[in-house]
Each structure stands twice: as structure tokens, then as C-alpha cells.
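One letter stands for each residue in the lines below.
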Amino acid sequence: MLAKPDAPVVLSLTGIGKSFGAVVANQAIDLDLRRGEILALLGENGAGKTTLMNILFGHYVADEGSIRVAGEDGKLVPLAAGSPQAALAAGIGMVHQHFALAESLTVLENVVLGTRPLRSISLDLAGARAKLGALMRDSGLDIDPDRRVSRLGVGEKQRLEILKVLYRGARILALDEPTAVLTPQEVDGLFVVLRRLVANGLSIIFISHKLKEVIAIADRVAVLRGGRKVADRALEGTDRAMLAELMVGRQVAPTRRVQRAPGPPRLVLNAIEVSGSHGRSGLSSVALQILSGEILGIAGVSGNGQSLLAGVLGGTIVPASGEIVLDGKPLRPSPRAMVQAGIGRIPEDRQHEGVVGSLSIAENLALEGLDRDGVQRWGFLRFAAMRRHAETAIRDYDVRCPGADAPIRLLSGGNMQKVILARVFERQPRVVLANQPTRGLDIGASTDVHRRLLAARDRGVAVLLISEDLDELLALCDRVAVMVAGRLSAPMPVQAVTLERLGLMMAGQADAA
Amino acid sequence: MIRFEPRTSVPLALRIGVPLGAVAAALCISAIPLAAAGAPILRAFALMAQGAAGSVFACTETLTRATPLIFTGLAAAVAFRARLYNIGAEGQLYAGALAAVAVGSGGVSAPAFVLVPLILIVAALAGALLMLGPTVLRVKLGVDEVVTTLLLNFVVLLFVQMMLEGPFKDPMGGGWPQSAPIETAGSLPVLLARTRLHAGFLLALVASVVAYVLIARTAFGLAVRAVGENQAAAGFAGIEVTRVMVLVGVLSGALAGLAGASEVAGLKGYLTADMSRGFGYAGIVVAMVAALAPLAVIPSAMFIAGIFIGADTMGRTLGVSNYIADLIVALALLCVLVSGLFLRFRIRFG
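What counts as what
Residues numbered from 1 in each chain as written. Chains lettered and ligands numbered in written order. Predicted model: local features only at pLDDT ≥ 70, side-chain atom pairs only at ≥ 80, totals over all residues. Helix = DSSP H or I, 4+ residues; strand = E, 2+ residues; numbered from the N terminus. Rg over C-alpha atoms; globule rule 2.2 N^0.38 Å. Buried ≥ 20, exposed ≤ 12 C-beta atoms within 10 Å, placed from the backbone. Contact = placed C-beta atoms within 7 Å. Nonpolar A, V, L, I, M, F, W, Y, C, P; charged D, E, K, R; others polar. Domains from an automatic or database assignment. Pairing = 2+ DSSP bridges. Core = buried A, V, L, I, M, F, W, Y, C linked by C-beta atoms within 7 Å. Axes fitted to C-alpha atoms, helices over the stretch in contact; angles between N-to-C directions. Parallel < 35°, antiparallel > 145°, perpendicular 65-115°, else oblique. Left-handed = near helix turned anticlockwise from the far one by under 90°. pLDDT = per-residue confidence, 0-100. Expected span 1.5 Å × (residues − 1). Arc of directions from axis to C-beta.

Trainee: Any chance you could break down the overall build of chain B for me, citing the residues and the numbers?
Mentor: Broken down by element type, chain B carries 14 helices and 2 strands. At 21 Å, chain B has a C-alpha radius of gyration in line with the 20 Å of a compact globule built from 350 residues. Projected onto the principal axes, the alpha-carbon positions of chain B cover approximately 70 × 60 × 30 Å. The 350 residues of chain B split such that 50% are buried. Expressed as a percentage of contacts within chain B between residues at least 6 apart in sequence, the contacts between residues at least 24 apart total 78%.

Trainee: Any details on the overall build of chain A? Residues and values, ideally.
Mentor: Of the regular secondary structure elements, chain A holds 17 helices and 23 strands. Computed over C-alpha atoms, the radius of gyration of chain A comes to 24 Å, within 12% of the 24 Å expected from 2.2 N^0.38 for 513 residues, which places it in the range of a compact globule. Principal axes of the C-alpha set define a box for chain A whose edges measure 75 × 50 × 50 Å. Of all 513 residues assigned to chain A, the portion counted as buried reaches 45%. A separation threshold of at least 6 residues defines the contact pool for chain A, and within that pool the share at least 24 residues apart is 69%.

Trainee: How would you sum up the interface of chain B and chain A? Please name residues and give values.
Mentor: The interface of chain B with chain A comprises 24 residues on the first partner and 29 residues on the second. Elements supplying a minimum of two residues to the side of chain B that touches chain A: β1 (2-6), α9 (219-229) and α10 (231-236) of chain B. With 7 residues, the top contributor of residues to the side of chain B that touches chain A is α9(B). Here the side of chain B that touches chain A is composed, by residue class, of 12 nonpolar, 6 polar and 6 charged.

Trainee: So what about helix α9 (residues 306-314) of chain A? Which residues, and what values?
Mentor: Since one α-helical turn is 3.6 residues long, residues separated by three or four positions face the same way. Residue and element names in this part refer to chain A. Most of α9 is tucked away: 9 of the 9 residues are buried. Within α9, burial applies to Q306, S307, L308, L309, A310, G311, V312, L313 and G314. Within two residues after α9, G315 carries a phi angle of roughly 90°, on the positive side.

Trainee: Explain the domain arrangement of chain A to me, and be specific about the residues and the numbers.
Mentor: Accessible area lost upon the coming together of the parts is a frequently used measure of interface size. For chain A, the assigned domains are domain 1 (1-88 + 172-177 + 203-251), domain 2 (92-170), domain 3 (253-342 + 429-513) and domain 4 (354-427). Measuring from the centre of the C-alpha atoms in domain 2 of chain A to the corresponding centre in domain 3 of chain A gives 36 Å.

Trainee: So what about the sheet that holds strand β11 (residues 265-274) of chain A? Which residues, and what values?
Mentor: Residues and elements named next belong to chain A. With antiparallel pairing, 4 strands are arranged side by side in an open sheet as β12-β11-β14-β15. At either margin of the open sheet sits one strand with a lone partner, and together these are β12 (283-291) and β15 (329-330). Bridge analysis of strand β14 (residues 321-326) against β15 gives 2 bridges, and the strand direction is antiparallel. Of the residues in β15, the one forming a bridge with L326 is K329.

Trainee: Break down the nonpolar core for me, citing the residues and quoting the values.
Mentor: Counting 196 residues, the largest nonpolar core has V463(A), L465(A), A97(B), A100(B), A123(B), A223(B) and I304(B) as its most contacted members. Ranked by residues supplied to this core, first place goes to helix α13 (residues 294-318) of chain B with 13 residues. Excluding residues within four positions of it along the chain, A223(B) makes contact with L370(A), A234(B), I239(B) and V244(B). Residues I38(A), L197(A), I204(A) and A222(A) belong to the second largest nonpolar core, which totals 65 residues.

Trainee: I'd like to hear about the packing of helix α5 (residues 89-104) of chain B against helix α11 (residues 241-268) of chain B, residue by residue, with values.
Mentor: All names here are of chain B. The geometry of α5 relative to α11 is characterised by a closest axis approach of 6 Å and an angle of 50° between their N-to-C directions. Relative to α11, the element α5 is oriented oblique. At the point where α5 passes α11, the crossing takes the right-handed sense. Contact residues: A89, Q92, L93, Y94, A95, G96, A97, A100, V101 and G104 in α5; G253, A256, G257, L258, A259, G260, A261, E263, V264 and A265 in α11.

Trainee: Describe the environment of A455(A), with residues and values.
Mentor: Here A455(A) lies in helix α15 (residues 443-458). Residues A455(A) and G293(A), spaced 162 residues apart in sequence, show a C-alpha to C-alpha distance of 9.6 Å.

Trainee: Just give me the short version of the confidence of the model for chain B, but keep the residues and values in it.
Mentor: The predicted coordinates should not be examined in detail at positions where pLDDT is low. Residues and elements named next belong to chain B. Per-residue pLDDT for chain B has a mean of 92; in total, 98% of the residues score no lower than 70. Model confidence for chain B, summarised as mean pLDDT per element, is weakest for β1 at 69 and strongest for helix α8 (residues 200-217) at 97. Scored as a whole, the predicted complex attains pTM 0.79, and scored at its interfaces, ipTM 0.85.

Trainee: I'd love a proper account of helix α13 (residues 383-396) of chain A, names of residues and values included.
Mentor: Residues and elements named next belong to chain A. With 14 residues, α13 extends 20 Å from end C-alpha to end C-alpha; this agrees with the ideal 20 Å at 1.5 Å per step. Here α13 has its buried residues at M386, H389, A390, A393 and I394. One face of α13 carries all of its buried residues, which in axial projection span an arc of 140°. Projecting away from the buried face of α13 at angles above 90 degrees are the exposed residues A384 and R395. Residues of α13 that are buried sit in contact with α12 (361-366), β18 (380-381) and α14 (413-425).

Trainee: Report on the sheet that holds strand β3 (residues 38-43) of chain A, specifying residues and quantitative values.
Mentor: All names here are of chain A. One open sheet holds the 6 strands; their spatial order is β6-β7-β8-β3-β9-β10, and the pairing between them is mixed. Each having just a single partner strand, β6 (92-95) and β10 (228-234) make up the two edges of the open sheet. Across the sheet, the axes of successive neighbouring strands diverge by a mean angle of 20°, strand direction being ignored. Running at roughly 170° to β6, helix α5 (residues 154-167) makes contact with β6 and β7 (172-176) of the sheet. Where helix α8 (residues 240-248) meets the sheet, it contacts β3, β9 (220-225) and β10, and its direction lies at approximately 35° from that of β9.

Trainee: So, the environment of F220(B): which residues are in play, and what are the values?
Mentor: Residue and element names in this part refer to chain B. Note that F220 resides in helix α9. With 21 C-beta atoms counted inside 10 Å, the residue F220 sits in the buried group. Once the C-alpha coordinates of F220 and I239 are considered, the two residues, 19 residues apart in sequence, prove to be 9.7 Å apart.

Trainee: So what's going on with the packing of α9(B) against α11(B)? Which residues, and what values?
Mentor: Two measures define how a pair of helices packs: the angle their axes make with one another and the distance between the axes. Residues and elements named next belong to chain B. For the pair α9 and α11, interaxial distance at closest approach is 10 Å and the crossing angle is 105°. The angle between α9 and α11 falls in the class roughly perpendicular. On α11, the residues that touch A223, V224 and V227 of α9 are V241, V244, M245 and V248. A per-class count over the contact of α9 with α11 returns 7 nonpolar, no polar and no charged.

Structural data, given as C-alpha cells:
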């Protein structure tokens, strides 16, 4: 796919600026999208990608600047600001990272949903079916229209989301981090579909922070950093390091794992059973040995039991049977017992389980150790000590924040994660459980997390890394196991696995092992 | 077009100004029913202000009325902080009052420095015990505490009526369903001669400060706030959520129980089944208007007490039903709830 510098412009953003209080989210952003091209919008978290897209779709009104969209005749006409309806009518469609589907309805019903006035009596499903069928043929997006959405896989749900947008007549398609939930094979499938869509004349904005995918799919890339557009260029002639530097604003050293011999087994799980619920798989006879001084990776498509495994190790889920043994001593699972036994936990959903948004950074740092001397004396909080402690953590972990007393919800995801890391590592843990520790983080923050995990490993900590990012697993882990439908494969030395093989195992093809 | 943008921080001026604005708005809106009742609006408000704070005596009446409201407001504020919705302060108040008369109306003979603390302790225990059941049901079995605490109010009230018709009935009471009076040694002293303001008010102030210190300055309070704001994260961090919730429930019930003891031993002298004029429920409004801050409960309770006392005066003079007070208090709650929007969002036009 070559860039088409002479193709007509279908969408033009001029001088877009938007501030939230003192925070400048977008500043003087110009962006043109041409017919039939895939434009990657690359940027770290907080770079302004989401704000820009929210302005495009009318969720926010820009403080300055204008948006023009090509009409039927190809002429650019201004788009009414602040109206999602106007954006839809102008042929702009968005597929969000989190799906918005009615699980109990069929594919066809989901597609029709919201396209008809509520007062209309008939749904005219026959007409919709014919239109959807034609769309599926043209785009190569194939799903059985009569399947219930609850029975669809993640990849299929994403196809359905794209179909929904196409059904509404979108000619400009924006995809927000579309590969976050897909296996490598599903990503390949998605890319085939996207190429076909642009060949049919659609234009696509592909929002991502994954360089590899941007290089694989995009014709052109616009890089946002700190709310400004810092680069806008054809992809030809760029490489990964160059894009990374543009995105982060400095050179990024790749994470290096030095081969070293692991120590004795530190944490042992024996025949752990957790019953599944709501149609999700449980854990069946999961056994695992994590050695001191190694990073053991768990790969798998989300929803195959990884979060249950993390819950068991975090103490929030009590297994129906099986035992957890730390350095030869069995553990009774509860979050408190895990904390006190020296298991540091980095939760999957940092907003939900990691931090209490309205509490300050200092208070969040104190939460795991409310009984400790540095936090309280005679039951009274030692605010000065907590603040000093937090200021040290903020400095050591380079947390960008207004101050130790600021509510933690004001922090970006990456900075929140740094606070959680500080909380985990200050207790000198013997085991670290890292569940999707870099999800939603930008390159800079991810590298930081990786560095800290590797440093812990080199100190002899046993690290369990659960991740959907296979590149991350291959780069960090000493051994990798794959989780499918609540069962865990035997761990394999990382030298013995490839991306392709992991992908096949994740898809449940056990013979690939 | 109006749009709402989430605020990243709320300046202090706004945090104080918005509730005050809401209260002002409630007073403005209440001009409509006042006018409908045929009252001259400005004079009605002037009479209310005069009735609530126009003289030393009026002020002490307002403070006297505020006393149980501070206790029940604290009961709601402390519990709501942990997202434990105790709607049963009314029942806990009566449970506390019943325990107070059980001990204080001849049950125990002791000098004042023993009897008064004893009355307060058993009243607090009775309220705490009543709240323990719903709290345990909630944390162990997920039973909705709003339903259980609310329904227990009626159970307790009927039980109180039964006791006042039976074993607790004052033989000298002329047949009225009322308890024997609290002994002099068990009564809370009056603070100001020729007024009804009693030491219960000072106790309420102390309770507010203690609740503030507990919530804002102790490790337990941090655990309560963490559980209330994000139970999952609090539990994940190793805070024993069940234990925190049970302690909060007990504390909340105890505060409501103290309201009952203070009314019986400080104001009424004996228990009747109509002693509380909905103080338990009004406490919820007090707590909401105070944004669940224990120290703010004091002015909030004074304001709401002032509305009730002022409306009595105004109603007597102008012939307007004093139910107008309930209406104004309800409006104040609604306005405060709506005003929360201004704290969470910045509102933009166009």
C-alpha cells in the first residue's frame, strides 16, 4: 500500500486547540486525511490523541480551530462542532477500544440498533439483512448475522463494531487502539480487512501507541506529543527507533534482559481450582513454580483465567482447592496475608483495584501498610512522615504530579502505575505479581515498568508477569506459560518459543506446543 | 447547548459557596408555596429568621433542636462515608432512649458522675447493637442495609410503644404511655438558666470533633475513606473491609443512640413514643447538606433546626402550617444534591 499524495482530502482539521483548566490537551493541531489512506495517529498516553478524536466526534468543543469534512460532492464543508450526530451524518465513524454492544441481541439486531427512530413499529430486518450482507461481501468482514453477540469472540466483536460503523455509511473510520485485545493472528486478519476497506475508498485513522503495528499498516503517520503535532510524514523511510524518539521526545533504550541462572523455587501453586462463573472459565488444576530470580510470563487471550490466577495470588479470590506455598510455608489467601507475606501485587485495573482516586498520593502509598510505624502512631496518621515518604517515592519513581497531597485521580495512567510500583517495591517483596503492568501505558512509562521488574528479578525476586503483549513477554521473561480456558501449559524457556507459536497456543491449538 | 466538563479540582471557595448557594436557592424556591399559602413572603422570612435567631431564647431553642440532629447527622455522615447507608438512625435513637430510661428512671441508683456516663454508654450500646445486625447482614450476605435499617425503625418504634404501655409505663403518669422520669442524678444539666439548652449540646459538639479526628486524622479513618471511595482497591491493599464496615456500623448506631439519651436525659426527662420528630431521618439531610464532613454537620444541623424553629413562629403568626418547614428542608436537600453537579463539573454554554 503506497501513500496517495494526490488523493483528495476528505477530512481537514485546522489549528485545533483545547485546554482543560491549566492543562493544554491540544494545541494548534493541523491534520489532513486523504481518501483511501490509513493515517496512524501515534502518541503516548496524554499526548492528546483521545481529546482530538473526541473533538472530531463532537464530544468536546474545541477552544479554537475548525474541522471540515468532504461532502457528497467532495467539497470540504465545515462540521458543526459539538454534535456527535453531525459527525455521524458527515460519514465519520469511530470504533472504540471498549465495545458498545448489546450482548443479548444478535449481530444483525446490534447493527440495526439505533439506526431507526424509536417510534417506528417495524424493524425491517429483511432490508437490513440484505444491506449488511452486501457490506460483508465488500469488506471481507464476515460474521453470521444471527449469532448472539454473547457468543462472539473478541475479534468477531471488533468486526461487528466496524460493520456497525460502515452500516451507518461511514467513509472515515477511526479505530482507537484496535489491537489491544487481539491475538497476533487476529491482528493480521484485522489488517487484511483494513487494507480492503481503504482499497474500497474509505479513509482510516488508526490510533495507536504500538510502533510495530503502525509500521505494518499505516501509509502516513502523525505523531502527537504534549498536545502538539510533532511529525506528519509518509511512513516510507521511517523506522521504529525514529518513531519512538518522535513520540517520546528522547531516545529510548530497548530493555535488555541479561541471562542469569535462577534460584530455588520461591512460590509454588499446587492443583489450584477456581470455579467459573457467568460462562467464563474458572481455573482447573493450575500448577506453577516460580523461581527466585526469574520472570515467569503468562500469555493468553484475555478472559481465559488469567485474572482469576492473579486474584488467587493477590488474595482476593479464595480457590476452591489447592495450595499456595511461599518459601516452603503454605499461605492462607487474603489480600492482607499476601501483603504481609511479601507478595507485591500490581493489579490489572489500576483505577479499579490499584488506587483510591479521591485519596492523595501519600494516602494511597500508605494503604498497604496502615499498621506501620511510618504511617501511624497510636492510631493517628503521621501526615508529615507520610508526605516525606511520598515525596521520596515521587522523586525516585519520577511521578509527574502536582504534589504528594494531590488526589491520585489527577494523575495519568503511567504516573498512577509508578505510584503503585513504589508501593509494591518499598516493602522489599519476595514475589511480585504483575498483571498487565503496562496496559495503557506509553513507551516511556512501559520501559520504566520493565526496568523495575528486571531489576527486581536480578535482586532475586520471583516475578509473575501476566500480559497480553507478547513482545513484552518475549523481551522480559525467562520462561513463558500459556493459559487457555483455565488451564495452564507447562512453562517453556523463552528461547524455545516464537511469537507464532505463542499465538497458536493462545488460540487453543495445543498441538502447537 | 449546555455541556458538562468534569472538573479536575474543586477550589475551597466553591466547596463552601455551592452548598450555601443551594440553601439560598431552596429558600427562594420555598417562596412559591409560601405565596400559595397566602403569606406575605418577605414578612414570612423575617418572622422565620426572628423565630430561629431573633433573641437569646430563640437561639437556645434552635441549638436545643440542633442537638439530636448533630448526633443523627454524624451517625449518617460516618456511615455514608463508608458507603454504609444507615437509614435507621430514628430506630437507633429510640433504642438509645429506651436504654437510657431503663437505666436512668430508677433502674440504677448512683451519683451523677456515675449515672450520667452510664446512661450515655448504655444508650450508645443499644444503638450500636441495633445497627450491628443490618451491618453484618450487609457485609456477610449482601443484604441491602437501606431496607433492613429502614424497616427496623418501625419495629423499634412499635417495641417502644409496647414497653411504654407495659413494663416501662410510669405508674404516676396518669395513664399516659410514657416512661417514669429520669432521676435527677441522671439528668444532663441545663446550660443557661431559663432556657432548655442542656449539656447534650456540648456532648454533640464533642462528638463532632471526635468524629472529625477519627475520620480525617487516624489510620482507621483512612481505611474508612478508602473503603467508601473504592472498596475493591481498599480490599486489594489488604484493608479488612468487613471489619471496617462493622466498626463503622457500630459507631453510627452508637451516635444515633446518643441522640436518644441526650433527648431523654437532657430535654424531655421521660420517654414517649412521639419524642423524636423525625430526627433520625432529618439527620440524613443534615449529613448530606454537610457533604458528610463531621465538623460541617454542626452548622448544617443548626440551619435545619433553625428552619424548624423559625417555621413554628412564622406559622403561628401568619397562620401557615408549620409543615412548610419540612418542605423547606426537603427543598434544601434537593438543592444540595443538585448543586453537587456544580462541584463535579464545569458547566459551559454554547
